Amino acid sequence: MADHDSRERFLALAEATVGAFAYMAALLEELPVPVVVPDLVLAVDNEPTEVLVGLNRARTLLEDEPISDRHKRAYEHMVLDWFAAYETLALVKLAGPAPWRLDVVEFALQRFMTWVEVIEDDEPDDSQS
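The structure displayed is predicted, hence computed values, not measured ones.

Along the protein chain, the regular secondary structure elements total five helices and zero strands. Starting at the N terminus and ending at the C terminus, the protein chain contains elements arranged as α-α-α-α-α. Across the 129 residues in the protein chain, those meeting the buried criterion constitute 39%. The long-range fraction of contacts in the protein chain, counting pairs at least 24 apart against all pairs at least 6 apart in sequence, stands at 69%. For the protein chain, the accessible area works out to roughly 7,800 Å², and carbon and sulfur atoms hold 56% of it.

Turning to helix α5 (residues 99–121), a few remarks are in order. Given a rise of 1.5 Å per residue, 23 residues ought to cover 33 Å, and the 33 Å separating the end C-alpha atoms of α5 matches this to within 8%. Along α5, the residues classified as buried are Arg 101, Leu 102, Val 105, Ala 108, Leu 109, Phe 112, Val 116, Val 118 and Ile 119.

Moving on to helix α3 (residues 49–61). Its 13 residues place the ends of α3 18 Å apart at the C-alpha level, agreeing with the 18 Å of an ideal helix rising 1.5 Å per residue. The complete set of buried residues in α3 reads Val 51, Leu 52, Gly 54, Leu 55 and Ala 58. Looking down the long axis of α3, one finds its buried residues gathered within 165° of arc, a one-sided arrangement. Among the exposed residues of α3, those pointing more than 90 degrees away from its buried face are Glu 50, Val 53 and Arg 57.

It is worth spelling out the nonpolar core at this point. Soluble globular proteins: nonpolar side chains tend toward being buried together. One finds Phe 21, Met 24, Leu 28, Leu 55, Tyr 75, Met 78 and Trp 82 to be the most contacted residues of the largest nonpolar core, which totals 36 residues. Of all the secondary structure elements, the ones that give two or more residues to this core are α1 (2–29), α3, α4 (69–95) and α5. Broken down by element, the residue count for this core peaks at 10 residues, all from α4. Setting aside residues up to four positions removed in sequence, Trp 82 forms contacts with Thr 17, Ala 20, Phe 21, Met 24, Leu 40, Leu 52, Leu 55 and Phe 112.

With that settled, the discussion passes to the packing of aromatic side chains. Summed over the entire model, instances satisfying the criterion amount to three aromatic pairs. The structure contains a cluster of three or more aromatic residues connected by ring pairs, namely Phe 21, Trp 82, Phe 83 and Tyr 86.

To continue, consider the side chain of Thr 88. With respect to the helices and strands, Thr 88 occurs in helix α4. Judged by relative accessible area, which is 13%, Thr 88 ranks as buried.

With that settled, consider the pattern of salt bridges. Counting across every chain of the model gives six salt bridges. Where Arg 9 meets Asp 103, a salt bridge forms, and the shortest distance between an N and an O atom there is 2.6 Å. Highlighted residues: Arg 9 in helix α1 and Asp 103 in helix α5, separated in sequence by 94 residues. On the accessibility criterion, Arg 9 (26% relative accessible area) is partly exposed. Between Glu 76 and Arg 59 there is a salt bridge, with the nearest N and O atoms lying 3.3 Å from each other. With Glu 76 in helix α4 and Arg 59 in helix α3, this residue pair connects regions lying 17 residues apart in the sequence. The network of salt bridges with shared partners includes Arg 59, Glu 63, Arg 73 and Glu 76.

Where α3 contacts α4, the axes come no closer than 9 Å and their chain directions differ by 155°. Judged on the interaxial angle alone, α4 and α3 are roughly antiparallel. Classified by chirality, the crossing of α4 by α3 is left-handed. Residues Leu 52, Leu 55, Asn 56 and Arg 59 of α3 touch α4, and the partners they reach there are Glu 76, Val 79, Leu 80, Trp 82, Phe 83, Tyr 86 and Glu 87.

About the cut-offs
- Residues numbered from 1 in each chain as written.
- Predicted model: local features only at pLDDT ≥ 70, side-chain atom pairs only at ≥ 80, totals over all residues.
- Heavy atoms only, no water.
- Helix = DSSP H or I, 4+ residues; strand = E, 2+ residues; numbered from the N terminus.
- Buried < 20%, exposed > 50% of the residue type's maximum accessible area, 1.4 Å probe, protein only.
- Contact = heavy atoms within 4.5 Å.
- Areas by Shrake-Rupley, 256 points an atom, 1.4 Å probe, with all protein chains shown as cover.
- Expected span 1.5 Å × (residues − 1).
- Arc of directions from axis to C-beta.
- Core = buried A, V, L, I, M, F, W, Y, C linked by side-chain atoms within 4.5 Å.
- Phe/Tyr/Trp six-rings, centres within 6.5 Å; stacked < 30°, edge-to-face > 60°.
- Salt bridge = Lys/Arg side-chain N within 4 Å of Asp/Glu carboxyl O.
- Axes fitted to C-alpha atoms, helices over the stretch in contact; angles between N-to-C directions.
- Parallel < 35°, antiparallel > 145°, perpendicular 65-115°, else oblique.
- Left-handed = near helix turned anticlockwise from the far one by under 90°.

As structure tokens, then:
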């Protein structure tokens, strides 16, 4: 029974991670200087390396965005927390769904959502435009 529960939890977290990527990609495209990352869903069946490298490059491009430092850090942390969730899911596939690994994914996705809230809730003032 525990194996079934772990499998179900893994699948739910994997689905949430894919959804989080799509949301993050949309947020990156809405930046003043749009940042486009490769599509994760198209790469999953092949090799996701291009997506991961592209997303890491997006992190470096954030420094040049005409947004506040607070928003730059929020975007960067959002990307890093997504990486934490994704990489831990990859570890789960290799080493098994230990409860703490699934907890790490869940916690990373919760932090991811916290950064999304910071990005969406903060209204830039005139000095940041």
